[in-house]
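Breakdown of the fold
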Amino acid sequence: MEAGKVVAEAEELPKAIVRRVVKDTLSRCSPEDSDINIHKDALLAFSESARIFIHYLTATANDICKESKRQTMNAGDVFKALEDIEFPEFVGPLKVSLSVRSGLIEFKRKNGGKKEGSSPNKEVQKKRKTGGPSKKTESESTPMKGDSGRK
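Residues numbered from 1 in each chain as written. Predicted model: local features only at pLDDT ≥ 70, side-chain atom pairs only at ≥ 80, totals over all residues. Heavy atoms only, no water.

1. A short note on the packing of aromatic side chains
- This model, assessed by the stated rule, comprises 3 aromatic pairs.
- On the basis of an interplanar angle of 85 degrees and a centroid distance of 5.3 Å, the ring pair of F53 and F87 is categorised as edge-to-face. One end of the pair, F53, is in helix 2 (residues 40–67); the other, F87, is in the loop between helix 3 (75–84) and helix 4 (91–110), and 34 residues separate them in sequence.
- Look at F53 and you get partly exposed, because its relative accessible area is 26%.
- By relative accessible area, which is 28% here, F87 ends up partly exposed.
- Members of the aromatic cluster, connected to one another through ring pairs, are F53, F87 and F90.
- Above the face of the F79 ring, K95 is positioned so that its terminal group lies 5.1 Å from the ring centre. (Phe/Tyr/Trp six-rings, centres within 6.5 Å; stacked < 30°, edge-to-face > 60°. Helix = DSSP H or I, 4+ residues; strand = E, 2+ residues; numbered from the N terminus. Buried < 20%, exposed > 50% of the residue type's maximum accessible area, 1.4 Å probe, protein only. Lys NZ or Arg CZ within 6 Å of the ring centre and 35° of its normal.)

Printed below as a string of structure tokens:
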């Protein structure tokens, strides 16, 4: 095993996502410095820190779940774990984020995944304008056994 490859690849966080999160955060903190470069080692440090935090939070939430004699971890276990590991300031924003996300999921479920403002009539009109693919009968598209397909 290589000394540099301590963590299994399956546990690594995607580098592109870590880079995007770091750059987005930096641009919000200092908009005038939007062209900040991040060294490869710094990205690795962010990635490893996040991975370790996730492991620690997961283990704590798992303990809370087991203390409640349950096998399925829920968001409440994660909220309690955040408080237990002394990150209570994360609970409020996390609850807001989850409620917004669940609201979007509920909206999509009720509307069949359609975008807001989209109506069935508009969908039908789009299909009529484009005409759609021509439909062949099964006998035209699939040659019979022993038939070479030529006519």
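There is more to say, and it comes next.
2. Considerations on helix 3
- Every buried residue belonging to helix 3 is among D77, F79, A81 and L82, and all of these are buried.
- In this structure, the buried side of helix 3 is in contact with helix 2 and helix 4.
- Structurally, the start of helix 3 carries an N-cap: the backbone nitrogen of G76 is 3.0 Å from a side-chain oxygen of N74. (Contact = heavy atoms within 4.5 Å. Polar contact = N/O pair within 3.5 Å; in protein donor to acceptor, adjacent residues only side chain to side chain.)

3. Here we look at the environment of C65
- With respect to the helices, strands and loops of the structure, C65 is situated in helix 2.
- Taking the C-alpha atoms as reference points, C65 and V78, separated by 13 residues in sequence, lie 9.2 Å from one another.
- When neighbours within four sequence positions are excluded, C65 is seen to be in contact with R70, Q71, T72, M73 and D77.

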